[in-house]
Each structure stands twice: as structure tokens, then as C-alpha cells.
Amino acid sequence: MMFDDFQFSSILVSTIRNAPVLMFAAMAGLFAERSGVVDLALEGKMLASAFVSAAVAFTTQNPWLGVLAGVGVSVLIALIQAFVSITQKGNQLVAGIAINIALSGLTFVLAQFFFTQGGRTPDLGEARLFDIVLPGSAAVANIPFFGWFYTKLLGGHSVLVYLAFGLIPLVHWVLYHSRFGLRLRAVGENPHAADAAGVNVERTRFMAMICAGVLCSFSGAYLSIVQSGFFLRDMSAGNGYLALTALVFGNWRPLQTALGCLMFGFFTALQVQIEGVVFPVIGKVPGSLIQMIPYVVTVIVLAGLMAKSVAPKAIGVPFVKSR
Amino acid sequence: MNQADLPRWASTFALPLLNLLSALLVAAGVIYLLGENPIESLQILVNAAVLDPEGLGYTLFYAATFIFTGLSVSVAMQAGLFNIGSEGQMYIGGLGLTLLILALDTHLPGWILIPLAIASSAIFGAAWAFLPGYLQAKRGSHVVVTTIMFNFIAANLMNYLIILMIPDGQQNPASRLFANSSWLPKLNGLFPILGETPLNISFLLAIVALVIYGVAVWRTTWGYQLRATGLNQHAAHYAGISIKKTIIVTMMISGALAGLAAVNSVMGSTHYLNLNFPAGAGFIGIAIALMGRQHPVGIFLSAILFGALIQGGFDLSLEKPNIPPETFIFIQGLIILFCGAMENLYAPALSALLKRKEK
Amino acid sequence: MQPAVEFQHISKRFGAVQANRDVSFSIESGSIHGVIGENGAGKSTLMSILYGYYQADSGKLLINGQEQQIRNSHEAIVSGIGMVHQHFMLVENMTVLDNVMLGGEGGFRLASRRKEVEVTLRDICKRYNLEVDPLDKIQDLSVGVQQRVEILKQIYRSANILILDEPTAVLTVQETASLFEVLRLFKEQGKTIILITHKLQEILEITDEVTVMRGGTVVGSVVTAETNKEQLAELMVGRPIETQLPRAAYAPGDTVLDVKGLNLVNDQQVSLLKDLNFNIRAGEIVAIAGVSGNGQSELLEILSGMRLPSSGSITMQGKTLPYAGRKDADGLPAVYRERGIGHVPEDRLRDAVVKNFSVMMNSFLGYQKKLGKTFGLLDYKQILSNCNEMLRKFDVRPADPHLRIALLSGGNQQKVVMAREIDANPKLMLVGQPTRGVDIGTIESLHARLLAMRDAGVAILLVSVELEEVRALADRILVMSSGAITGELKVEEFDATRIGLLMGGLHKH
Amino acid sequence: ADPKVAVIYDAGGKFDKSFNQSASEGADRFKKETKINVIEVQVASDTQAEQMLRNLARKNVDLIAAIGFAQAQAVQNIAKEFPKTKFVIIDGVAKGDNVNSVLFKEQEGSYLVGVAAALSSKSKKLGFVGGMDIPLIRNFSCGYTQGAKATDSKIDVVQNMVGTTTAAWNDPAKGGELARAQMERGVDVIFAAAGGSGMGTLQAIKEKGKLGIGVDSNQNYIHPGNMLTSMVKRVDQVIYDSFMEVKNGTWKGGVTYKGLKEGGVDWALDKDNRSVVSADVEKRVNAAKQDIISGKIKVVDFRDANKCPV
Ligand SMILES: Nc1ncnc2c1ncn2[C@@H]1O[C@H](COP(=O)(O)OP(=O)(O)OP(=O)(O)O)[C@@H](O)[C@H]1O
Ligand SMILES: Nc1ncnc2c1ncn2[C@@H]1O[C@H](COP(=O)(O)OP(=O)(O)OP(=O)(O)O)[C@@H](O)[C@H]1O
Ligand SMILES: [Mg+2]
Ligand SMILES: [Mg+2]
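Remember, it's a predicted structure, so these values are computed and weren't measured experimentally.

### Describing the overall build of chain D
In step 1: Helices and strands together make up the secondary structure of chain D, namely ten helices and twelve strands.
In step 2: Relative to the compact-globule value of 19 Å for 310 residues, chain D shows a C-alpha radius of gyration of 19 Å, a close match.
In step 3: Structurally, chain D occupies a C-alpha span of about 55 × 40 × 40 Å along its principal axes.
In step 4: Every one of the 310 residues in chain D was classed for burial, and the buried ones make up 64%.
In step 5: A fraction of 67% describes how many contacts in chain D between residues 6 or more apart in sequence connect residues 24 or more apart.

### Description of the pattern of salt bridges
Residues and elements named next belong to chain C.
In step 1: Overall, the coordinates contain 63 salt bridges over all chains when judged by the stated rule.
In step 2: Of the charged contacts, one joins Lys60 and Glu67 as a salt bridge, the two residues approaching to 3.9 Å between their closest N and O atoms.
In step 3: Relative accessible area serves as the criterion here: at 37%, Lys60 is assigned to the partly exposed category.

### Quick word on the state of the cysteines
Two cysteines form a disulfide when their sulfur atoms are joined by a covalent bond.
In step 1: In total, this model carries one disulfide over all chains according to the counting rule given.
In step 2: Each sulfur in the disulfide pair D:Cys142 and D:Cys308 lies 2.1 Å from the other. Because the sign of the S-S torsion sets the handedness, a value of about 100° for the bond joining D:Cys142 and D:Cys308 places this disulfide among the right-handed ones. Placement of the pair is D:Cys142 in helix α5 (residues 135-151) and D:Cys308 in the segment after α10 (302-305), with a sequence separation of 166 residues.
In step 3: Judged by relative accessible area, which is 1%, D:Cys142 ranks as buried.
In step 4: Here A:Cys261 stays free of any disulfide, with the sulfur of A:Cys216 as its closest cysteine sulfur at 12 Å.

### A few points about the side chain of A:Thr298
In step 1: Counting through the fold element by element, A:Thr298 comes out in helix α14 (residues 293-304).
In step 2: For A:Thr298, a relative accessible area of 0% gives the class buried.
In step 3: In contact with A:Thr298, not counting residues within four places along its chain, are A:Thr245, A:Met263, A:Phe264 and B:Met149.

### Side note on helix α4 (residues 92-115) of chain A
Residues and elements named next belong to chain A.
In step 1: The end-to-end C-alpha separation of α4 is 33 Å, in line with the 34 Å expected for 24 residues at 1.5 Å each.
In step 2: Burial analysis of α4 places 20 of its 24 residues in the buried class, which makes it a mostly covered element.
In step 3: Regarding α4, its N-cap is Asn91, as a side-chain oxygen of that residue lies 2.8 Å from the backbone nitrogen of Leu93 further along.
In step 4: Positive backbone phi, approximately 40°, marks Thr116, located one or two places after α4.

### Some remarks on the interface of chain A and chain D
In step 1: At the interface, 34 residues of chain A touch 30 residues of chain D.
In step 2: Summed over both partners, the interface of chain A with chain D comes to about 2600 Å²; 46% of that surface belongs to carbon and sulfur atoms.
In step 3: Of all residues in chain A, A:Arg17, A:Val272 and A:Glu275 give up the largest surface area on contact with chain D, accounting jointly for 20% of the area buried on that side.
In step 4: Close ionic contact of A:Arg17 with D:Glu184 constitutes a salt bridge, the shortest N to O distance being 2.8 Å.
In step 5: At the surface where chain A touches chain D, the tally comes to eight residue pairs in polar contact (both at pLDDT 80 or more).
In step 6: Looking at the side of chain A that touches chain D, the elements that each hand over two or more residues are α1 (7-34), α10 (201-228), α12 (254-274) and α13 (287-290) of chain A.
In step 7: Here the side of chain A that touches chain D takes six residues from α1(A), the largest share from any one element.
In step 8: Along the lines of polarity and charge, the residues of the side of chain A that touches chain D split into eight nonpolar, 17 polar and nine charged.

### Things to note about the packing of helix α14 (residues 410-423) of chain C against helix α15 (residues 440-455) of chain C
Residue and element names in this part refer to chain C.
In step 1: At a minimum axis separation of 11 Å, α14 and α15 run at an interaxial angle of 10°. In terms of axis orientation, α14 runs roughly parallel to α15. Each of Gly411, Gln414, Lys415, Met418 and Ile422 in α14 lies in contact with α15, whose residues at this interface are Thr442, Leu446, Arg449, Leu450 and Met453.
In step 2: Among the residues forming the contact of α14 with α15, the class breakdown is five nonpolar, three polar and two charged.

Reading the values: the criteria
- Residues numbered from 1 in each chain as written.
- Chains lettered and ligands numbered in written order.
- Predicted model: local features only at pLDDT ≥ 70, side-chain atom pairs only at ≥ 80, totals over all residues.
- Heavy atoms only, no water.
- Helix = DSSP H or I, 4+ residues; strand = E, 2+ residues; numbered from the N terminus.
- Rg over C-alpha atoms; globule rule 2.2 N^0.38 Å.
- Buried < 20%, exposed > 50% of the residue type's maximum accessible area, 1.4 Å probe, protein only.
- Contact = heavy atoms within 4.5 Å.
- Salt bridge = Lys/Arg side-chain N within 4 Å of Asp/Glu carboxyl O.
- Disulfide = S-S within 2.5 Å.
- Expected span 1.5 Å × (residues − 1).
- Polar contact = N/O pair within 3.5 Å; in protein donor to acceptor, adjacent residues only side chain to side chain.
- Buried area = accessible area lost by both parts, 1.4 Å probe.
- Nonpolar A, V, L, I, M, F, W, Y, C, P; charged D, E, K, R; others polar.
- Axes fitted to C-alpha atoms, helices over the stretch in contact; angles between N-to-C directions.
- Parallel < 35°, antiparallel > 145°, perpendicular 65-115°, else oblique.

This is how it looks when you write it as C-alpha cells:
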């Protein structure tokens, strides 16, 4: 039997494909939240960059320009969010939710205005990001296990997938071993202490928000120009909130958060496979109940294994020099 | 520099109004870009949502639901809990009243059935909020995350259950039509001018809920304990308040209010349970709670504003096909952003202006 | 020589409060300059202006003779100014090393610099005789050590002008002494030091000059060698201070609290309280002396119901206080309060007040269930009049019941808490560090209140690290060390040296 | 005088790549041919549906076409209130002499594409991607499976639904992921009945060079060469016909079933999939079509007993 036929292999590959959307967004959230700004607007930034990436990639027929434009717009929104939450000291939760709602409407309106396809961009066709085929794939493709491992698990993904996984050590390094990371964590934990140490709290938070904007944009670009090949209204489909969940789940730490994202990716993949399978005794489980699995598992894991997750102390609190 | 410097009229009326105008100004820009006249559009919107009596009826109808979800989110916020799960709790509340009505509507007269069904929606909503509350209190699991998860779980569960409820020969994933005895009395009997709108007694119920909420939170020991818990858990513990009990009870009350939000549309308008009937009302509740600063009057006004936007926007998109209904989703977002998160935007300017006048 | 710092006509206003009004004085280079004044006199505000935390509304700042605009802490640090704040400015979940490096990392990559800085820090610790491990996390350190970290930070950054805002409020006598050693060393090196404290003894001991503030203005600057305690106190408060308060003869009544075999073991299996046995009788003040962190806080928490002990019995007026069978202390303080236990906790901002409530809403925190109600609703009229009465009796300033309590100075917050607990007529009063950070005028009045309670027959348990306070108030003194009671003495036998030894856990009785 | 006609789309909207879009195509054709204006509106909830129906009826619109089962109850209520106004409800049944309830026999068209899929699959594994788990979608998959199994009893059909909320119609990423997962398990022909999410499914199929089947309107043009066929559901025809009937005065109420015989459903064969469909496949699919029309093959409607026989 070829390893390829074994369903677990397909679950693994599928997990790798599912995870980047969440990973980019969760890492974006990590930057924002470790700096003390609650980022409920992941969903909105994702949607905006998904739209702009697709629109620009289609118009220019160049996916890289699409990604770039997505970064630009996502950073712009992050800056608006930063202005409201940091400079204006507004309620960060409200700002986040407002941005999500506004962009859910605006992306549709603009897509409809420019492309008149019902809030959809045209198919990108060749303007999508290609999958990378590792050198020598053809030669090894038929070797049992290794062929699968090399061509399907390691290779055969978009650049953004590799970027997502590459981010894990990178974010870890930046957070714990760079000046920026040190200031970021300080500002999210005790902004008054950071301020007293001569760190500009607002500037640091702004920079964190810019990082969040950049990272989140990849999530949107991945959705539209890698996974789907076009933009569709509300295509972020709750992934921004799921990414936040992974962040809480991962205790605001890069490695654990990435694991959380992989867990969601895994359960989505698993659920796809067991839909329609006849189990002994219980028989066929209805699809809608199977779809619950990732959510139920999350609740159980949160309640059982890692009861207490500790948020950055200053999260959600605007920095005001006062009592 | 900050709001405290401003006279009360300025901070409670002038600032929100300036913010609302700013949001509308941005919206006007977008409408202009879409090729329509913003002023005319605004006229149509205001006409359809407020000036036209029937339109007003619809505005108030939508507002009734939003008041309940807004209250649901607000009461949890008072205890420092961010309940994102009102949507799911409302969904399950709808299930509660439906199960009861389906079982009893052929046996019981309305005056027994309706109160029972309303109670059932509250109980189901409360029950659905119990577990996130319990897990937060006893296990420290973040209520934000668990309620998001419970929204998804509720959607899956309801999808499964509603399909079982479809009457024979029907296509629509919805329960059968309820018997007349369970229909909520409409208010157009009292105010014929409102015309044929689904506005019903649950609007009055919502007003009562607002008053009870205001009194309970600011005038009772319970409310005091609730707010103390929300503002400083250490001090609440010191004060002998049971934090765990407060969290669980508050979440259940929040869930019950969200459950009650189902009454308006299910028992007052459609008279059957269908898929996705909350249609985002739970999430709008978050916006309303935040914009209304968890204050009864604020919640009321925000709920009316959102009701008007939905009703007015609906009519406007009919008259102006260039303006898709989604434009109003965008405008809602803008309004929440300006009124809910940038309350200090004009405070410095306004305070400078007032100071200059004084001199 | 030029003064190191010169304040010229500094004014600063917060809303209705004029925190500094036309403040002018100068600080000699290479001197230790004391700043004293009542709570809310504006000392911290003035220093925050010097450190760039706040901007003055008007006035000028001269550093080493040059007018300077200091807009933020970064600029202050660049100008060679360092500050140790009243509340520590440390990031709790980071190491000492990272806290020291923060803001002055010296490059984007930390890895290589971390090693260097660690070596430097160990060297500094040796030179200044500061015992700190750079790799410890702040949250694992006692207050005293955290204080050392703050000092370490300043030494590392080679601050030339060092501001210390009430650095000794939380220190023991020994810790204070070693801090002063370091300060003298600084002075020898030509650094300028500004020291804010409420303890006049310290002013006399170490400063060269002292400036006294009241109500936001400077009421006088004097050379330390030419003044004394009484003169300073009078300058500060505007009236003479009683140092020896009158008290009735010691005539204790029935036993109110009886503690037997009390033990506490925490989650990490560390024994925090070891077999405590003691009692308190009506009409006496029993003080627990000890270096903070030796179990006093935990004891207060257990006796107030905020925490469960691991074993042992607590009897209140002959009836045991319930805790057995509970998984946690959630809601327990209400039961204890019901039995007549009042509690003024050590950390008032964290435990005793809700910062965002008004003074009025804080005036019944803990007693919310006992309030009189009309139709089940809170009777705000009565609450207000009751609150006003408290504010008047305790001379809380400003006496505005609708002010957010966070806007009161620490001493005034403490008065509100004390007023509330006394108002409830407890049988047993637990008092933790009642005068930490409180000015001498207020200390006098708070002490007078406690003594009046004692005379009225209330049993009082006082936890304090201030031996002066213990001596002034206690009838009996228990000394705690490492969670155990290492000695007991009557106030007549008061002997600072002996107590110091007991606090070190050296003498077992 | 020209009649006043209107279409009310449901929450999916005019461009849902599904039945709403199909309806709008019918309306467009009517507009173009007759130069008569068609009022087009979209409602977001059942309450709004009733509001809009009443609104239009008051404006003396002659025929209102309501798209989607969600509007059935509202149509029934308003039809009673305005007995002179004519109504068409698509995919649902509403009582009233002035209502024409149009139901499609999706199972029949799906059966045909099932036959085509079974004949074109090399791996003998077929896939089905549905939007939401509702009886209507089940009916598509049930007919598809019946057709496939009737052609080759050893055929396996793997089935997945995108989700359980209305978001499931707008999640192309998930739609694509389901297709990829199915293809990794050996599936080589997939029927996508998932609105906008189905676009993701077809896209993924194209990437892997497998075959996809479109739904509702003829979607063969989307990825020529990778589209085996489409199961067309002629909502456009029904809308067009209804408007014409009102114009000509021949409109009648009642319940209408639109199957293969009535031309309500069909499989699509055009230049875009000509190269993919072999002559043999074409012959056998058309034979099945004749057998269904003649009654020789009975395709079970899933909704009759909420059960699929295979
Ligand atoms: N950020 C602020 N907002 C409003 N009022 C403030 C603020 N900071 C200080 N105040 C007020 O200004 C006055 C001076 O406060 P400051 O902290 O400077 O006093 P202090 O002399 O340091 O007192 P303490 O001895 O208690 O530390 C007080 O009345 C205080 O309530
Ligand atoms: N106060 C501040 N708050 C946040 N970031 C800052 C601050 N000051 C500088 N930075 C950032 O740090 C980097 C170096 O700036 P700068 O040289 O002023 O810092 P520094 O504290 O002097 O550090 P170094 O020890 O490397 O000289 C720049 O990227 C700048 O954006
Ligand atoms: Mg101070
Ligand atoms: Mg530098």
C-alpha cells in the first residue's frame, strides 16, 4: 500500500495548508496584544488585504504587487486602529469591532463598484501565487513515504506557507532577543515602568501595530490569492476571531500560539475526513455535529489542560500618565 | 484636555453629536463616490426610518431586539466580562421558546403560553451562558474565547436541530408555523398610525428591561457588587463578594437577556424558528453596549440608531440601486468607530473653544 | 558652584487641584536634598516634572545652570537624571537584567549585550554591596530587593541627579541603613540626590538641606544641621505635632481572638506560616513586628477571610471561624466581617478601594449588605450623609464625596478606609501598615483613632514594619520571622536591638 | 399597459453564483426583450421579506417573484392580504390562488451529472461539496449519488459540507480545502453545490487538473477543460416565463414541479466541456435523461422522507 492512500497523510498535508491563515493573523495579534493593544480587528484587516491583494493582483496580473498592496492597506488600517486606540485612547474593543463591521461592508461595496460581480473580484487565473515544487520532486515522487514526504508535505506549497512557518522562530527571536521585543513586552506588561525607563510607550505600540498590520495582510493575501484565487465578500469567515482564540490558547507566546493554529488546522482537516464515515455503534454522525469538534475541543482544552492563561497585564488599557 | 473639563451638556450631547456627524460625513463621501447625492440619500433615510410612521414602527421593532442584546452585553461588561456569545445565546433562546410553543401551542391559551415561552427563552439563553461563566469562574478559561466557541457550537447544534423540525413537505429549514395563541400582540392596535409593522409588546418589554437594568445596577447591593467585581476583583474579594458566584450569575443573566432577544422576531414577527434568525443581532449588541456606555439611556438611543439604519438603509437601497445595502454595514462600523471609540476626538478643540468664549 | 537643579516658578494643575503653585528652590550639586510635606503637598508632582513625566503649566527648570525642556523620561535620562518612583517601575515578569537594560539596550540584538551587562551588574553589586542576582525575575523578589534593583538601574545608567520618592516607605531598618550607605557613596562621587520621605528621622540623618512643601507651595528651605524634628514637623503641618499620644491604662478584657496551631503551606509546598499560637484580648493592641515578607501579610489575609489556612483553628469570641470544607476563600470575608472583624489591608490601592468608584461608593465597600434600604434600593441620601460625616471626622481632604477616590492622595485614601472600618464598630480590627506613605500629621490622627478604639474595648491586631509605630501603639509585641513567631514582649520591655535580632530569627524563646 | 413586475432576492443576494443569480439573469432577459422595467430588491431577513412584499403589493405591482424558500411564509401571508397581486415563490410552497409555487426536481438533474461523473472517474471515487447541510442541498447530493451508483455500484461518493451558518456560502477557502482533501483521498470528480464557496472548490479542482461539476447556472465557462458539466436549474427560465405570462395574460397560480421533462433542470453540454465529455458519456447520460422523462427511472426526492436510498 502506498503511504499516499493512508488518510492520515492527507490530514497532515491539509493541516499545513489550513494553518497559515490563522498563523499570520495570530502572530499579528501577538504583536499587538503583547504591546498592550487588544486586536479584535484582525478579521477586518484580513478582509481588507484579501480584497486589495486580489484586486491589485488581478488588475496588474502580478500576485506580488497584490501582496504588496495588501500589506499597504492592512498597515493603513492598523494605523487608524492605532490612532484610535493609542493616540485617542479610545476603547480598543470598540475600535476593533467597528473596523471589522466597517470593512465587511466597505470591501463588498468597493468590489461591487469596481468589478460588478456581486462583491467578488474576477478570477485571478495566472495572477495567483504558484506552489513551489522542490527540486528533484519528479525523481523521488514514487519512493514510498519519502516521495510523499518530500513532494507533498515539505514541497508543493505556496511561498506564503513557508513564510508562515518561518515566522515562528523569527517572531520568537524578535520578541525575546531584540530591543524592539524587549520594549514591546515591557510596554504591554507595565507601560509606566517602560515610560520611566525612557521608552516611548506610544511609539512602541504604534510600531507593534504596524507589525500586526504587515503580518495580518499575509493572512488575507493567503486567503484570496493562494487559497481561493479571488476575493469574495466576508471570506475571512471568522478566522480572525479563531486566530485570537489560538493566541489566548497559546498564552500569547509564539510557539504555543502556532501550535494552537496547527491544532485548529488539524481538526478542520480531521473533520473533513470523518464526515460521512460510518462509526461502529453510533453509525454516521451528522455533519453539523462533526463541525463542532474543533470548538468543543478548544473549550475542553482551555478548561482542562491550561486553565489559566495569563494575558499581558496592560492589555486593553490606554496609557494615560495619571492615577 | 479631557472630558472632565467640559460642561455636562458638552460631553453628553455635543461630543456624541459631533462624532455622529463626522461618521455621517465620511459616509456621505462614500455615497458621493458611488455616484449618488448624499443629502438626498440622507433625506430618504431619515424619512424612511423616522418620519414615516410605518418606517418608525420597523425602526422600533428592530430596536427592541437590539436593546435586549445590548443589555446582555452591557450587564456582563459591568462585571468585567466580555460576552461575545450573545449571538449564540439568542439563538438558543429561540430554541427554548420554540420547543415550548411547539409542545403546547395547541393546548394552552395565549395568556399562559406567551409568558411561559418568554420564560423559556430566558432560561435556555441563561443555560447556554452558564458553562462559559462556570469555566471562567472556576477554571479561569477566558470568557471571550469560550463564548466565541459557544457561538460556533450553537450554530452547529441549531443547524442539526432545526432540520429535524422541518414539517413534512416543506423546504425551508424552519419549524412549523406557531399557532396564533403564541403570537405576541402587536402595538398597532394601540397606535394604528404605525401601520402594518411587526412592532409588538416585546418593545415594551425591552423598555421595562432597560429600567430594571438601570435600577438593578445602580440602585441595588447586587449591582454594586457587580460593578465592584468588574472594576477591581481584589477589592471585591476583600469586600466579601463571591467573585465566582457573581461571574456565573452575571453570565446567566446576560444569557437570559440575549435569550429574550429572540422573543421579538420569533414570536412577534416570523412566528416560526428559522436558521440564522439572530442575523448578527448579538454582535450588534456588542456595538450598542459599547456605544451606549452600558447606560440604559445610551443603550436605548444606540439601539434606535441601529434600528433606524437598518430600516432606513433598506428603503434607501430600494430607491437608489447604486447604493447596495452593504453600504449601511460600512456606515454602522463608522458610527461605532466615531461614537464609541473616539469620544475624545473633539474634546480638546471644544474645550479650547469654550475657554476662549469665557474670556 | 552652580546648583544641580533649580526650579523657577513651577506651577502645575490637575483639573481642580493646583498640585504645584509657583515653586522655586534650588539644589546644590553634590548634596543630598530632602523634600518633605504632607500627603498631597505636591512633592511627587514636582519630581515628575523634573523627570519629564508631566509638563509644568508654567515656570522654568535649570539643570546645572542651563534652562532645559524635559519632555519625557528619555530626555531626563539623557540629561543624567534618574528617578526611583514611589511605586516601583519594574516589569514584573522580566528579569532584573532585562529591566536594567530596558530603554538603554545599546543595539537591536540583545543576546551579546546581555552577557556584558550581566557582568557589569555583578560588578556593581559587589562594589556597592547590593545583593541582587541579575537573572532573577522581579516577581520572585521581595520589596526590599526590588528597591535595590531600582537603585541598580540608576547606577548602571550612571545618573548624576538621582530622585528618590519615598524609597524607605517599604524598607526595614536594616534595608534603610544599607540604602543610605549607597547614597553616601553616591554623594562622595559628586552625585546629587533628592530624597522625599515622611520620616523626619531620615531627613535629619542623611540630608544636607531640606525643603518643606505644603499645599503645592514651598513653605521653607532649611539647612538640616540647623533644624530639628519639631521645627520641621511644625513647618510641614502648620501646627505642633504630639509625639506621645495619651492612652488609658492597660486593662485588657476577654479574649476576642484565639489562634491555635495555624499553618499555611502554599501551592509550591513552601511553608509560609508555622504553627502560630496567640490571642488578642479586648482593649489591647497586639503588634506583629517583622521584616515584610515573613508571613504577616498571609496572617492578615487568613484572619480576614481572604485566604484559607492549611490547618489550625481560629476562635472568635469563643466560636470558631469557619473555613473547613471550603475549596477557596471566595466570599469568605463577608462571613468574617459578619462576626465583627474589621480589616485595613496592607495594600490599600489593590484591596481596600475600587479606584474608579467615588469616595462615597468606597465608603461602604464590604458593608454593602448592611446598608439601610428603601424598597430594597440603596438609600443614597443616607449613604451620602454618612460619608460626609466620615470625611469630616477624619479630616479627609478634599472632603468631596463625589471625587474618584484614585484622585485622593495616599494618606487621604487611607483615612477613608480607616474611617469606613471604624464606622462598622468591629470587635476585632486587623490593621496592616496603616501609615505607610502617610505624612506625620495624618499619622498622628490615625494613631489617635486606633488608640481610641483600643480604649473603647476593641481588640486590635497591628502589622507594621515601623518599629516606631509599634512602640507608639502596641501593648504587646509579637515578632515574626520566616512564618513563625520568634518572640513576644510587652511594650515596657521594648528593645529595638532585641526585636531586630528576633526579626532575623536568631533568638528562639 | 405594461405590467409592473418585481424580483425579491433573498439574503444570498443577486450575485450569489446560485439561484438568485440565475433569477436575475431571467429578469435581465425579460428586461432586454420587452423593455419593461423590473424592480429588483434584496432582503436580509424573513421580517424584511414580508415588509418588502407588502411594500411592493401596495405599489400595485402585478407580479412579485420571491426567490428562495426563506420567503415562502412571507409570501403566503402577503398573498392573503393582497389577493389581487400575483406571486411566484421559487423553491418553496405558499398557499393561495394568487401564488405560483415553483419547485425543482434537483434530484433528476443531479442524477444525470452523477452518471456523467461515474463514467468519467478513473479512481471510481466521486466528491460532493455542499454549502450548508439543509434538505435542498441534500437533495442535490442524493440525486448525484443515485446516478453514480446506478452507473457503477462500486463507486464511492465522499461528501462534505462547508459549514452551518450563512457564512458557509461565502467561504471559498474552505470550499477549496474540502476539494483538496477529497482529491487527496483519490476523488477525481467533484460536484460543487455551495454558492460562492463552490468557486473555491472548482478553483482547487482546476489546480489539480481534476474534473468539477457546476451548479444552478451553466458554470462550464469558469474553467473550460476542467468542468465536466453543470447541473443547471433554470430559475432564469421560470422567472422569464412568469413575467411573460403576466404580460400575455396567461399566468396561473398553483404548485409547479420543474423536472427534466419540464426543462426545469438539465445537464449542460457546450463548447467549454465538449472536449471533456466523450461521445459514450454523452450517449449514456442522454439515455438516462430519456429514461427519467419516460418514467423508466425513478429518482428519489430526498425531501420526501428526509432519507437517501443509497
Ligand atoms: N494625575 C493626577 N490627576 C489629578 N490629580 C492629581 C494627579 N496627580 C496628583 N494629583 C493631585 O495633586 C496633588 C499633589 O499630589 P502629589 O502626588 O504630588 O502629592 P505628594 O506630595 O507626592 O503626596 P504623597 O506624600 O501622598 O505622595 C494631590 O492633591 C493629588 O491628588
Ligand atoms: N523612547 C523610545 N521609545 C521607543 N523606541 C525608541 C525610543 N527611542 C529610540 N527608539 C527606537 O530605538 C532605535 C534606536 O534609537 P536610539 O538610538 O534613540 O535608542 P537608544 O535608547 O539610544 O538605544 P541605543 O542604546 O541603541 O543607542 C530606533 O529604532 C528608535 O525608533
Ligand atoms: Mg508622592
Ligand atoms: Mg542611542
